[in-house]
Amino acid sequence: MDPLSNLPIECLERIFDFIALPSTTTVYNSRYSDATLFPTSTAVFYYPRPASFYPTRTSLSAFATLCRVNKRIASITLPYLYRDPFQPINRLGSLDATKGPRSRDLLLTLLKPIPVAKLHPALLLSFEMNASPSPSSIIPRTDTSPSQLGNLTHVRHLNLQPFAFLEYKDRNRKEYSAAELEYIRHPGFLDVFLMGRKDTFCQRRVMSYQFLGFYTAILYREASWSLAGPILEQLESLTLPLSDIRRYLQGIDRLGRLERIHFVLDWNMSCMCCRGTRLGREDPRKQYQEEAAQLLIQFIEDHGRLFPGRLMHVDASVARFWYSPQDLPGGTLQEILRILPPLYKATSIDETNWPRIAAHLQTTDFSHVHSIDWSVPTVEYKQVLQRCRSLREIYTRDLAPNSFDWAVQEKKDMLNRLGQGTIYPVPIGHRPDALSSQPAHLTYGLVPLTRFHLQEYFVSSRDLDAITFAFSQSLEELIIRNIRGLTGNDNHHITHLIFGRIGLPILRRLELRSPHYRVVLDPLVFAQCPSLRSVSLNDDTFEYSCQYIVPWLPSQAPLLRIVDLKGWSALTFNPATLASAKKLYRLSLTMICRDEGYCFIPPIDELDASYGVGDKDDGKEEHKQEDKVENETSISHAITTRPQWTWDWFLPSLWRLELTSEFAYRFEFRMLQGCPALCKLRLYMRTSEGHLYRRLISEADLFVSGSGESRDRIVAPMLKYVSMNGPWVIEDSLMLEQLLGGMFPKLKQLSAIGWEGGGFSIESFVKMMRSTGGRIRKVKTNLNAISKEDENELGVYRLFRDNKNKDKDVLRTRL
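Residues numbered from 1 in each chain as written. Predicted model: local features only at pLDDT ≥ 70, side-chain atom pairs only at ≥ 80, totals over all residues. Heavy atoms only, no water.

- As named in an unreviewed UniProt entry, the chain is F-box domain-containing protein, taken from Linnemannia exigua.

Written as structure tokens, this is what we have:
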């Protein structure tokens, strides 16, 4: 016997437990799940299942292989394989055409051990079993002995979904046998289906195409009961059709292990056959809805009386058997929530479980809640937050005013007591006690919030200050994606987010976006947040005056990976910080573009003065004088000198560089020499017509230093994608080849929009592309279009023309 088979059963079960466990989760007890009933406009409820319900496809394949080793291994493996048999199929995408056939194949496997005499006639016809059923025959259900159940004895979660039979609705997807059609058209078919659930008036008025829906519903209802009926005692979760709830009510005393139940609303409570009739005018739908709701509530009440606290989760979904929508009365949800017990050890609060929490707000234990992923109603927010003593993550759409005043007071109280030498340690494993006489933070410590994500921000900056102060020692991520309506700064259109005065020593990710206000940070922001990895600051600053720009102080930022600054934050960024950012992966300094993609660049004199350049000749002064705008307002007063951009930083990890507006205009190619891993470069300096700031690319731009043969050529060895949008001036074709061929030896795609000069044309681009052996595969340009004959002669494809951007052509070589 192989070594695996020699292991004791206990060891094998521990091994199989590990195989069944998803790699990204931990052992999970389904009773501790915090999901619950969730209402929608059509009374559809949904809950996410715990991780233990979802073994990976690899683990299922492993169990199937283990079943073939020997009988001993197979006997231990089968309970794992059939514990939740329909789960892998239920997880397939809605567009997967194999869901229905695979579900029916598995269903047939589970039904085969059951004697044919105990199955419904519709099932016998659907699965082509040997029998001659009569449409009017109703076979009584009797208990099946365990020896006849086969693999059903291992099932603990039975969740057969209606899609197993939905293909029967479409004649093009399911071929009906002659026996099935005879069964459906039999005069007694509707009597079997309706069985006191609808007025017999519908039998005479029903339309022919609705018979298919009736047949599908019968198959689903009877298949569910055939599997569930013999094993009700062992089921922990169950999906059942609401139309058959009476039959399950008769055996409710056998459902002692049931923790989760899913109702499928297959009850045809409204139909087209009653429309325009006396029965339709009397609105029987309301009667059917109320009857279904009362049966559902009765089921939950009876189960709670027989097995108190056992049933933890209830949900429902609509079966797509009917052309008319099916739903329940609106008050059904509230009644069910009041019957169910409060959530046990809830670990999160979200839109799926909030109705359950709201129904038992005062008795729910929030001590285990570590995340809030929903906008809790304002009236409940404060009392919920302060009771979540283990809270680590908040993801919410908006924030109620003064929601964190309690946290500020707790922090101040703790600091005052620590200053007096009084320390209150938190007992290990201790949880909040509602009967404790002293404040919660003295017994259980401060709330350890680490991530705060806010989608909409309409309140004052006082709340943001409260968050940064109260959670300064634990906050790792601070993200606010839509700052608007802040009070106190509306007159100046400036949003002051003061981070320099409040240290956030472990903050790793900072993201602030404001579509209407200017984001202004304290100059010490990097110094006070030494652990920053990712910084994304975004506002809509367009026009500005350099005299008001106060740059950040230079800081050490060795951990920075992403710097994405747009608007005012880009203008105040201190480039000296780049000297220590050796791990920088992405750098983006951009300004907003308006008026069909035009950006703003201050007058050249003002721009030079702000950088302390003055009248210094930098090699481009002659060209600048040609492009100065007439009647520019002279700078009559001193401008605070902004940091110098040396463009000589060594950034070995930089992969993407994006610069627009004045940053693209002042860009020097020698920066590429210190970026050996750079793959994408985007330079955008397209300004409005009549205010062009041309940038001449000369031979001096292609070399680092020296003269003659001793000069070091600038090479970006990994650069593959280059986009240079704006009036870049290239005077001869040789310069074009040196730029694109020599400086970018691995260039694949080029966007050259707005380029000027006599150094290039469609022909020169094609020549350059050919000289690289076809390495440059695509060029986007707005040069004058060429004829079809010239395209064939030059050997290029014009992929498309973008009329929105002035006949922008994309050329690709035929090489």
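### Examining the overall build of the chain
And then number 1: Helices and strands together make up the secondary structure of the chain, namely 28 helices and 24 strands.
And then number 2: For the chain, the residues scored as buried account for 51% of the 815 residues in total.
And then number 3: Pairs at least 24 apart in sequence give 71% of the contacts found in the chain among residues at least 6 apart.
And then number 4: In the structure as shown, the chain presents an accessible area of about 37,500 Å², 51% of it carried by carbon and sulfur atoms. (Helix = DSSP H or I, 4+ residues; strand = E, 2+ residues; numbered from the N terminus. Buried < 20%, exposed > 50% of the residue type's maximum accessible area, 1.4 Å probe, protein only. Contact = heavy atoms within 4.5 Å. Areas by Shrake-Rupley, 256 points an atom, 1.4 Å probe, with all protein chains shown as cover.)

### A few points about the nonpolar core
And then number 1: Judged by nonpolar contacts, the single largest core of 123 residues is most densely connected at Phe404 and Trp755.
And then number 2: Phenylalanine 404 has contacts with Leu385, Ile394, Leu399, Phe452, Ala466, Ile467 and Phe471, leaving out every residue within four places of it along the chain. (Core = buried A, V, L, I, M, F, W, Y, C linked by side-chain atoms within 4.5 Å.)

### Comments concerning the packing of aromatic side chains
And then number 1: For the coordinates displayed, the defined rule picks out 20 aromatic pairs.
And then number 2: For the pair tyrosine 585 and tryptophan 655, a centre-to-centre distance of 5.7 Å together with 0° between the ring planes defines the contact as stacked. Of the two residues, tyrosine 585 is situated in the loop between helix 22 (568–572) and strand 15 (586–590) and tryptophan 655 in the loop between helix 24 (621–627) and strand 16 (656–660); the sequence distance between them amounts to 70 residues.
And then number 3: Note on tyrosine 585: relative accessible area 29%, which makes it partly exposed.
And then number 4: On the basis of an interplanar angle of 75° and a centroid distance of 5.3 Å, the ring pair of phenylalanine 667 and phenylalanine 669 is categorised as edge-to-face. Phenylalanine 669 carries the same exposure label as phenylalanine 667, and that label is buried.
And then number 5: Directly above the ring of phenylalanine 469 sits lysine 411, whose terminal nitrogen or CZ lies 4.9 Å from the centroid.
And then number 6: Over the face of the ring belonging to tyrosine 721 we find lysine 680, whose NZ or CZ atom lies 5.5 Å from the ring centre. (Phe/Tyr/Trp six-rings, centres within 6.5 Å; stacked < 30°, edge-to-face > 60°. Lys NZ or Arg CZ within 6 Å of the ring centre and 35° of its normal.)

### Comments concerning the pattern of salt bridges
And then number 1: Applying the stated criterion across every chain yields a total of 22 salt bridges.
And then number 2: When the shortest N-O distance is used, the salt bridge between arginine 83 and glutamate 236 registers 3.3 Å. Of this pair, arginine 83 sits in the loop between helix 4 (71–81) and helix 5 (87–90) while glutamate 236 is found in the loop between helix 11 (210–228) and strand 2 (237–241), placing the two residues 153 residues apart along the sequence.
And then number 3: On the basis of relative accessible area, arginine 83 is assigned to the partly exposed category, the value being 36%.
And then number 4: Its relative accessible area of 11% is what places glutamate 236 among the buried residues.
And then number 5: The partner of arginine 509 in a salt bridge is glutamate 511, and the shortest N-O contact between them spans 3.2 Å.
And then number 6: Classification of glutamate 511 by relative accessible area gives buried; the value is 4%.
And then number 7: Through salt bridges with shared partners, a single network forms among Arg221, Glu222, Asp244 and Arg247. (Salt bridge = Lys/Arg side-chain N within 4 Å of Asp/Glu carboxyl O.)

### Quick word on the sheet that holds strand 2
And then number 1: Read from one edge of the open sheet, four strands run 1-2-3-4, paired in parallel fashion. One side of each edge strand has no neighbouring strand; the edge strands of this open sheet are strand 1 (157–158) and strand 4 (313–318).
And then number 2: Two elements, strand 2 and strand 3 (residues 260–265), share five bridges in a ladder whose sense is parallel. The partner of proline 241 across the bridge, within strand 3, is valine 264. (Pairing = 2+ DSSP bridges.)

### A short note on the pairing of strand 15
And then number 1: Most of strand 15 sits out of view: four of its five residues are buried.
And then number 2: The sheet contact formed by strand 14 (residues 562–566) and strand 15 spans five bridges and is parallel. Paired with aspartate 564 across the bridge in strand 15 is serine 588.
And then number 3: As defined by bridge partners, strand 15 adjoins strand 16 across four bridges and the pair is classed as parallel. When the bridges of strand 16 are listed, serine 588 appears paired with glutamate 658.

### With respect to the packing of helix 26 (residues 733–743) against helix 27 (residues 762–771)
Any two packed helices are characterised by how steeply their axes cross, that is the angle between the axes, and by the distance between the axes.
And then number 1: Interhelical geometry of helix 26 versus helix 27 gives an angle of 40° and a closest axis separation of 10 Å. Here helix 26 lies oblique to helix 27, going by the angle between them. Judged by the sense of rotation from one axis to the other, the crossing of helix 26 with helix 27 is right-handed. Where helix 26 abuts helix 27, its residues Leu736, Glu737 and Leu740 lie against Ser764, Phe765, Lys767 and Met768.
And then number 2: Of the residues belonging to the contact of helix 26 with helix 27, the class tally is four nonpolar, one polar and two charged. (Axes fitted to C-alpha atoms, helices over the stretch in contact; angles between N-to-C directions. Parallel < 35°, antiparallel > 145°, perpendicular 65-115°, else oblique. Left-handed = near helix turned anticlockwise from the far one by under 90°. Nonpolar A, V, L, I, M, F, W, Y, C, P; charged D, E, K, R; others polar.)

### What about the environment of arginine 247?
And then number 1: Topologically, arginine 247 is positioned in helix 12 (residues 245–250).
And then number 2: Within polar-contact distance, the side chain of arginine 247 engages the side chain of glutamate 222 at 3.4 Å.
And then number 3: At 2.7 Å, the side chain of arginine 247 forms a polar contact with the side chain of aspartate 244. (Polar contact = N/O pair within 3.5 Å; in protein donor to acceptor, adjacent residues only side chain to side chain.)

### Description of unusual backbone geometry
And then number 1: Positive phi is not limited to glycine here, since lysine 345 has a value of about 55°.
And then number 2: Considering the arrangement of structural elements, one finds lysine 345 in the loop between helix 15 (332–339) and strand 5 (348–350).
And then number 3: Taking the relative accessible area as the measure of exposure, lysine 345 reaches 28% and is therefore partly exposed.
And then number 4: The backbone of asparagine 402 sits at a positive phi, close to 60°, despite the residue not being glycine.

### Description of the confidence of the model for the chain
And then number 1: The pLDDT averaged across the chain works out to 75; a share of 69% of its residues lies at or above 70.
And then number 2: The least confident element of the chain, judged by mean pLDDT, is helix 24 at 44; the most confident is strand 16 at 97.
And then number 3: Here residues 133–142 is modelled with pLDDT under 50, and outside its nearest four sequence neighbours on either side it reaches 19 contacts, counting other chains as well.
And then number 4: Scored below 50 in pLDDT, residues 487–493 shows eight contacts in the model against residues more than four places distant or in partner chains. (pLDDT = per-residue confidence, 0-100.)

### Focus on helix 20 (residues 461–470)
And then number 1: The element helix 20 is extensively covered by neighbouring structure, given that seven of its 10 residues are classed as buried.
And then number 2: Within helix 20 the residues assigned to the buried category are Ser461, Asp463, Leu464, Ala466, Ile467, Thr468 and Ala470.

### Let's talk about helix 15
And then number 1: Burial in helix 15 covers these residues: Thr332, Leu333, Ile336 and Leu337. Buried residues of helix 15, viewed axially, fall in a sector of 130°; they line one side. (Arc of directions from axis to C-beta.)

### Focus on the state of the cysteines
And then number 1: All chains considered together, the criterion is met by zero disulfides.
And then number 2: In this structure cysteine 593 is not part of a disulfide, and its nearest cysteine sulfur, from cysteine 599, lies 5.1 Å away.
And then number 3: For cysteine 599, a relative accessible area of 4% corresponds to the buried category. (Disulfide = S-S within 2.5 Å.)

### Observations concerning the environment of methionine 671
And then number 1: Mapped onto the elements, methionine 671 comes out in the loop between helix 25 (661–665) and strand 17 (680–684).
And then number 2: Since its relative accessible area comes to 1%, methionine 671 is described here as buried.

### A short note on the side chain of arginine 389
And then number 1: Topologically, arginine 389 is positioned in the loop between helix 17 (378–385) and strand 7 (393–396).
And then number 2: Since its relative accessible area comes to 6%, arginine 389 is described here as buried.
And then number 3: Within the structure, arginine 389 has its side chain in polar contact with the backbone oxygen of glutamine 386 (distance 3.1 Å).

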